[in-house]
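Understanding the architecture of this molecule
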Amino acid sequence: MFGATQPAPATARMARSGRSEWQSTCAILTSKVVSQEQSESLPIPPVSSGVDHVSAVNGNHSAARMNLVPIEKSDSNPLVLQQHRQKPLSMSDLSPAPKHGSNLRVAYQGVPGAYSEAAAGKAYPNCQTVPCDQFEVAFQAVELWISDRAVLPVENSLGGSIHRNYDLLLRHRLHIVGEVQLPVHHCLLALPGVRKEFLTRVISHPQGLAQCERTLTKLGLNVAREAVDDTAGAAEFIAANNLRDTAAIASARAAEIYGLEILEDGIQDDASNVTRFVMLAREPIIPRTDRPFKTSIVFAHDKGTSVLYKVLSAFAFRDISLTKIESRPNHNRPIRLVDDANVGTAKHFEYMFYVDFEASMAETRAQNALAEVQEFTSFLRVLGSYPMDMTPWSPSSSSSSS
Ligand SMILES: O=C(O)C(=O)Cc1ccccc1
């Protein structure tokens, strides 16, 4: 685990130093106090039962390795002391994303073979993935220290935003610490020997169904579509219930795991089908300026004229590109009644706006933009400032995600 290998003296030093500048910025902008230091340096669960649980979930029963080195006080041999001395923390250790995710526990919704599992592996190679039956559980796994990260699909190039997951970001207090864009290559899977003509139903995650809609029709599969929680779960369901009239839209890896055959390969409506996932942690990472960063915020605006325009201008004025804007109903206040003495009562929908912009919170222009945005908003929270996924990809590389 990246953090567990960090030296104890440095951890203690960080803990003593109090809140970082970035966390102070977060606290100001979000009106919430960040109580703990950067998670990358404190990932060890406080109780061992949590770790045991994770091992059980993962089928991996290796004991958790705590990196606490016992100090034998009577030992004055300098060579032995040298062995005990731990490597001091250096700038490279402060890297926003662990270079190797080994032993990092990453929760995702679904069962093995789900795309979220592949996204976890891309973000943190060699991590331990922790399957969860719901996104809510994946969030709680991190909050309760059962897991170190959660991976959450938020949008797809064909299916659009996964709205429910935006709501979860707001409902929970986790921080976005990274993003991954994964080419998604869908297959049509069925039990061995099943032919397309036998099918009466296709099941998958709603995004899987949405991303293959046109291709299914082209294949003559005008059969019932049914949404399930995750793509690999659909494959597992067919295998477990020996369903010979049902096919799943899922990855080739799911076919392998659950013993299904690939009836059609690459059935996404567009070859360049990409899903964006965000990685969540208990603590924010320290934003940097030495590589491209993205920042995600959510805000609600007060009544007033042209507020959204003013908010967006705060970014345009500073040459900060927005990569995404999404609105969701403001669950605290879904409707505002506006009385006009002459005309009557109008009902306005109230929204939460989610904005991603291309700048790091370590940059003055981003800090100034948010200070300005704060003037027009009744609520503002920084969901995270994190390195952009810059890995090149091409449609032909998509099979690696399956
Ligand atoms: O169900 C899965 O496998 C997921 O990880 C969610 C999803 C579904 C379809 C495309 C991308 C992600």
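The structure contained in this document is the topic of the report that follows. (Residues numbered from 1 in each chain as written. Predicted model: local features only at pLDDT ≥ 70, side-chain atom pairs only at ≥ 80, totals over all residues. Heavy atoms only, no water.)

**With respect to the packing of aromatic side chains**
- Summed over all chains, the structure comprises four aromatic pairs.
- Aromatic pair F315 and F357: ring centres 4.7 Å apart, planes at 40°, arrangement tilted. Separated by 42 residues along the polypeptide, F315 in helix α11 (residues 307-316) and F357 in strand β16 (residues 351-357) bring together distant segments of the chain. The residues F315 and F357 share a single accessibility class, namely buried. (Phe/Tyr/Trp six-rings, centres within 6.5 Å; stacked < 30°, edge-to-face > 60°. Helix = DSSP H or I, 4+ residues; strand = E, 2+ residues; numbered from the N terminus. Buried < 20%, exposed > 50% of the residue type's maximum accessible area, 1.4 Å probe, protein only.)

**A look at empty space enclosed by the protein**
- Counting across every chain of the model gives six cavities of 30 Å³ or more.
- For the largest cavity, the calculated volume is near 200 Å³.
- As for the largest cavity, its lining consists of 17 residues, of which Y115, S116, P153, H205 and T231 are closest to the centre.
- Elements with a minimum of two residues in the lining of the largest cavity: α5 (115-123), α8 (206-218) and β11 (274-281).
- The dominant element in the lining of the largest cavity, judged by the number of residues it contributes, is α8, at three residues.
- Its residues assigned to classes, the lining of the largest cavity shows seven nonpolar, nine polar and one charged.
- Counted as a void, the second largest cavity has a volume near 60 Å³.
- Sorting the residues of the lining of the second largest cavity by element identifies α7 (163-171), β11, β12 (293-301), β16 and β17 (377-387) as the ones contributing at least two each. (1 Å grid on protein atoms, 1.4 Å probe; cavity = no way out; pocket = protein on both sides within 12 Å on 5 of 7 lines; lining within 4 Å. Points joined across faces, edges and corners; volume = space filled by probe spheres on them. Nonpolar A, V, L, I, M, F, W, Y, C, P; charged D, E, K, R; others polar.)

**Section: the sheet that holds strand β7 (residues 201-204)**
- Across the sheet, which stays open at both edges, the five strands sit in the order β8-β7-β9-β6-β10 with mixed pairing between neighbours. Of all the strands in the sheet, just β8 (224-227) and β10 (261-265) have a single pairing partner and so form its edges. Strand-to-strand twist of the sheet, defined as the mean angle between neighbouring strand axes without regard to direction, takes the value 30°.
- Across the face of the sheet, α8 comes into contact with β6 (187-190), β7, β8 and β9 (246-250) while running at roughly 165° to β8. (Pairing = 2+ DSSP bridges. Axes fitted to C-alpha atoms, helices over the stretch in contact; angles between N-to-C directions. Contact = heavy atoms within 4.5 Å.)

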